[in-house]
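Coordinate inspection notes
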Amino acid sequence: MKLRPYQEAAVQAWLAKKRGTIVLPTGAGKTVCAAEAILRVGVPTAFLVPTIALLTQTRERLLDLGTSVGVFYGNEKDVQTVTVMTYQSAALHPSILDRFQMLILDEADKAGSEEWSKILAVASGKPYALGLTATLDSKSPQHRRVAKALPVVYRLDPKGAREAGAIAPIEVVAMEVDLPPNERSFYNQWDEERRRHFTALGGADFQKIAYMARSGDRHAVQVLRLTGKLKRLLS
């Protein structure tokens with residue numbers, strides 16, 4: 001398969017270490033990097049994902065890239081040289097991971113949770129282990145555990161991905177909206193509060209804030225909550 005220059009750089013950086021995490025924005029081709037790593041290493045590989053929907057999507061994507069793929073989850077247990085499974089299935093059947101020399105952890109930021117910590121420990125002890133995520137935030141204890149077990153070997157931020165043509169550029173269009181005095185008061189109050197939480201996050205982009213919110217970061221949760229209230233007020 002033909003990789004973009006940044007994808008080739010990511011795969012090469014991972015191959016140099018054989019264990020580590022690639023951080024790419026959503027839509028920048030993390031699965032392509034994983035498929036290339038599978039082909040170059042050539043060992044039995046378990047590809048772990050957090051949901052059945054992602055399992056199906058990942059299987060189809062790997063098949064499209066020319067990789068023979070099995071799946072292992074509640075309704076189907078077809079173990080092949082490359083097998084996609086959910087974190088939940090791996091946790092319920094931990095011995096299944098003994099069959100594989102390489103583990104790939106999709107949405108690896110979730111692997112730092114208490115629920116999946118044993119899987120992260122298994123991955124860090126494998127000859128080959130690859131984490132894939134759109135963000136690892138040093139302020140999150142969960143993310144720090146992942147970075148310690150599988151250090152970041154390559155990172156491309158959204159700005160770099162846009163410059164590389166990997167994701168579409170963002171266009172911001174300002175629109176004036178007339179609000180009644182009482183609604184304007186609410187808007188100003190919520191917007192000021194949102195800005196305080198956003199500042200506490202160090203100016204993280206919105207994609208990163210969404211991931212941080214799912215990890216329970218208080219400021220990120222408030223940014224999303226207040227953004228929703230502001231949108232509803234303007235609709």
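Residues numbered from 1 in each chain as written. Predicted model: local features only at pLDDT ≥ 70, side-chain atom pairs only at ≥ 80, totals over all residues. Heavy atoms only, no water.

Now for the nonpolar core. Core analysis: the largest hydrophobic core is formed by 37 residues, its most contacted members being Phe47, Met102 and Leu130. Mapped onto this core, the elements with two or more residues apiece are α1 (5-17), α2 (30-41), β2 (45-49), α3 (52-64), β3 (70-73), β5 (82-86), β6 (102-106) and β7 (128-133). The residues touching leucine 130, leaving out its near neighbours within four places in the chain, are Trp14, Gly20, Ile22, Ala34, Ala37, Met102, Leu103, Ile104 and Leu105. Among the nonpolar cores identified, the runner-up in size contains 21 residues, and Ala46, Met85, Leu136 and Val146 belong to it. (Core = buried A, V, L, I, M, F, W, Y, C linked by side-chain atoms within 4.5 Å. Buried < 20%, exposed > 50% of the residue type's maximum accessible area, 1.4 Å probe, protein only. Helix = DSSP H or I, 4+ residues; strand = E, 2+ residues; numbered from the N terminus. Contact = heavy atoms within 4.5 Å.)

The next point concerns α2. Since there are 3.6 residues in each turn of an α-helix, residues three or four apart along the chain are aligned in direction. Over its 12 residues, α2 runs 17 Å from end to end, which matches the ideal 16 Å to within 8%, given 1.5 Å per residue. Within α2, 10 of the 12 residues are buried, leaving the element largely enclosed by the surrounding structure. Listing the buried residues of α2 in full gives Lys30, Thr31, Val32, Cys33, Ala34, Ala35, Glu36, Ala37, Ile38 and Val41. Following α2 by one or two positions, glycine 42 has its phi on the positive side, about 70°. (Expected span 1.5 Å × (residues − 1).)

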